[in-house]
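Next come the chains, spelled out residue by residue.
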Amino acid sequence: MSVITKVPETKLWNQICEEIESITKVGDGQQLPLEIDYDAAKYTPVFFGPLHKRVLIDGNEDDDFDPSISHPACVGYAFVDRPPELPSPEPPAPPNRQECSPREYLEYYVFPWLLPALEELLRHAKAEKCFDRKRTKFDAVDFLTEYLYKKNPQHQNREEISLADIPFVQEWWTKHPRPPPSKSLVWTEQEAVQILQNFWRGYKVREENAVQELRQWQKECREEKKDIHETVNRFWSDKIPSDNEAEPETSEPGRPDQQQQQQQQSTSSANAHKDPNASVTPTSGVTNDGCANLANLTVLV
């Protein structure tokens, strides 16, 4: 029975690394550039630095080999020290940007700033795992915009400026506001794992019968107390009616009204202040026996 296997696709970053390794691979007649970091797992220490070339001789190459002064890997190779590096010539003056051709404009005024930005873009894209995932929060256009704005040689003190502080970006976002990014792009792996675990544990706890019964009781209690303020106001409105709704009190036959009684008392008090020797006439509702008792009490005092 035949088995169909799917060959995984080669990632872009791996292709770039393979191309660089093929260019810098050390072989017969090829030299290892000094600017590449040395890796003992890939390169022999004796070939790092000097120029070397394999030399074919008649006879056995191991006859003249002396292990006390040389390394076994040097058998069959001739080594020469690297010549001193000559100072690089001064670059030619850039052409006039108003009169040069499009090719010259790109070579002198665009590529010297764009290529380093693209290299830094690839490093950040690898750090954000853009070559391993289909969706990430890394935006290449935003990164290039911020990088080129900060590295503009005609302006200084822009290292601390972020993308949201760039004037033309603020103007563009004012006219075309961005929707908020989804949580899958904002959360880190640790935050997403913690949130999912908390949700799953909470779901398992809420699934228990005791918790379900408690949640049902809390729901019924909230429904009962939902209109508590209206219930309290209705209760007090029934117990204490308002002034507009109060009924006037009817006077009993044979007894004067309370308001009329108060008016007579105030009138008699005013007359007493005007004439102290005048006798006080008992008001309605006060008997003569009560006045006599009050007079006797005054004499005793």
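Small disclaimer: the values here were computed from a predicted structure and weren't measured.

**A closer look at the overall build of the chain**
- The helix and strand tally for the chain stands at 10 helices and two strands.
- Walking the chain from its N terminus toward its C terminus, one meets helices and strands in the order α-β-β-α-α-α-α-α-α-α-α-α.
- As presented, the chain carries roughly 26,800 Å² of accessible surface, and 54% of it is formed by carbon and sulfur atoms.

**Considerations on the nonpolar core**
- In this structure, Trp13, Ala117, Leu121, Ala125, Phe131, Phe138, Phe143, Leu144 and Tyr147 together form the largest nonpolar core, which totals nine residues.
- Elements supplying a minimum of two residues to this core: helix 2 (102–127) and helix 3 (140–150).
- Look past the residues within four positions of alanine 117 in its chain and what remains in contact with it is Phe143, Leu144, Tyr147 and Leu148.

**Here's the deal with the packing of aromatic side chains**
- Evaluated as defined, the whole model comprises six aromatic pairs.
- Between tyrosine 105 and tyrosine 109, the aromatic rings sit 5.3 Å apart at their centres with planes inclined by 35°, giving tilted as the arrangement. Linking tyrosine 105 with tyrosine 109, this pair stays in helix 2, spanning four residues, or about one helical turn.
- The exposure class of tyrosine 105 is partly exposed, given its relative accessible area of 33%.
- Measuring from centroid to centroid gives 6.0 Å for tyrosine 149 and phenylalanine 168, while their planes differ by 70°, and the two rings are edge-to-face. On the criterion of sequence distance, the pair formed by tyrosine 149 in helix 3 and phenylalanine 168 in helix 4 (residues 167–175) is long-range, its members being 19 residues apart.
- Judged by relative accessible area, which is 16%, tyrosine 149 ranks as buried.
- Within the aromatic cluster, the residues linked to one another by ring pairs are Phe138, Phe143 and Tyr147.
- Over the ring of tyrosine 149 we find arginine 158, and its NZ or CZ is 3.8 Å from the ring centre.

**Overview of the packing of helix 2 against helix 3**
- Packing of helix 2 against helix 3 leaves a shortest axis separation of 10 Å and a crossing angle of 130°. Here helix 2 is positioned oblique relative to helix 3, judged by the angle of their axes. In the crossing of helix 2 with helix 3, the sense of the turn from one axis to the other is right-handed. Side by side, helix 2 and helix 3 meet where Trp113, Pro116, Ala117, Leu118, Glu120, Leu121 and His124 of the first sit next to Ala140, Phe143, Leu144, Tyr147 and Leu148 of the second.
- A breakdown of the residues in the contact of helix 2 with helix 3 according to their chemical character gives 10 nonpolar, one polar and one charged.

**Comments concerning unusual backbone geometry**
- The phi angle at lysine 129 is positive, at roughly 60°, despite the residue not being glycine.
- Within the fold, lysine 129 resides in the loop between helix 2 and helix 3.
- Take lysine 129: its relative accessible area is 37%, and that puts it in the partly exposed class.
- Phi at asparagine 157 takes a positive value of approximately 60°, unusual for a residue other than glycine.
- Note on placement: asparagine 157 falls in the loop between helix 3 and helix 4.
- When its relative accessible area of 76% is taken as the criterion, asparagine 157 is described as exposed.

**So, the pattern of salt bridges**
- Applying the stated rule across the entire model yields nine salt bridges.
- Glutamate 120 is the partner of arginine 123 in a salt bridge, and the nearest nitrogen-oxygen pair spans 3.1 Å. On the criterion of helical spacing, the pair formed by arginine 123 and glutamate 120 is a turn pair, its members being three residues apart in helix 2.
- Under the relative-accessibility criterion, arginine 123 is labelled partly exposed at 48%.
- As a salt-bridge pair, lysine 175 and glutamate 171 come within 3.7 Å of each other at their nearest N and O atoms. Of this pair, lysine 175 and glutamate 171 both sit in helix 4, four residues apart, roughly one helical turn.
- Within the structure, one salt-bridge network assembled from shared partners comprises Lys129, Arg133 and Glu189.

**A word on a nonpolar patch on the surface**
- A surface patch of nonpolar side chains, about 410 Å² in accessible area, is lined by Tyr105, Leu106, Phe111, Leu115 and Leu118.
- For phenylalanine 111, the position within the fold is in helix 2.
- When its relative accessible area of 36% is taken as the criterion, phenylalanine 111 is described as partly exposed.

**So, the environment of histidine 71**
- Along the chain, the position of histidine 71 falls in the loop between strand 1 (51–54) and strand 2 (77–80).
- Beyond its immediate chain neighbours, meaning those up to four positions away, histidine 71 contacts Val46 and Phe65.

**Re a positive patch on the surface**
- A cluster of basic side chains, namely Arg206, Arg215, Lys219 and Arg222, defines a positive patch on the protein surface.
- Top element by residues in the positive patch is helix 7 (residues 209–224). It accounts for three residues.
- You can see lysine 219 is positioned in helix 7.

Cut-off values and rules
Residues numbered from 1 in each chain as written. Predicted model: local features only at pLDDT ≥ 70, side-chain atom pairs only at ≥ 80, totals over all residues. Heavy atoms only, no water. Helix = DSSP H or I, 4+ residues; strand = E, 2+ residues; numbered from the N terminus. Areas by Shrake-Rupley, 256 points an atom, 1.4 Å probe, with all protein chains shown as cover. Core = buried A, V, L, I, M, F, W, Y, C linked by side-chain atoms within 4.5 Å. Buried < 20%, exposed > 50% of the residue type's maximum accessible area, 1.4 Å probe, protein only. Contact = heavy atoms within 4.5 Å. Phe/Tyr/Trp six-rings, centres within 6.5 Å; stacked < 30°, edge-to-face > 60°. Lys NZ or Arg CZ within 6 Å of the ring centre and 35° of its normal. Axes fitted to C-alpha atoms, helices over the stretch in contact; angles between N-to-C directions. Parallel < 35°, antiparallel > 145°, perpendicular 65-115°, else oblique. Left-handed = near helix turned anticlockwise from the far one by under 90°. Nonpolar A, V, L, I, M, F, W, Y, C, P; charged D, E, K, R; others polar. Salt bridge = Lys/Arg side-chain N within 4 Å of Asp/Glu carboxyl O. Patch = residues over 30% accessible without salt bridge, like charges linked within 9 Å, V, L, I, M, F, W, Y side chains within 5 Å. Lys, Arg positive; Asp, Glu negative; His and termini not counted. Charge placed at Lys NZ, Arg CZ, Asp CG, Glu CD.

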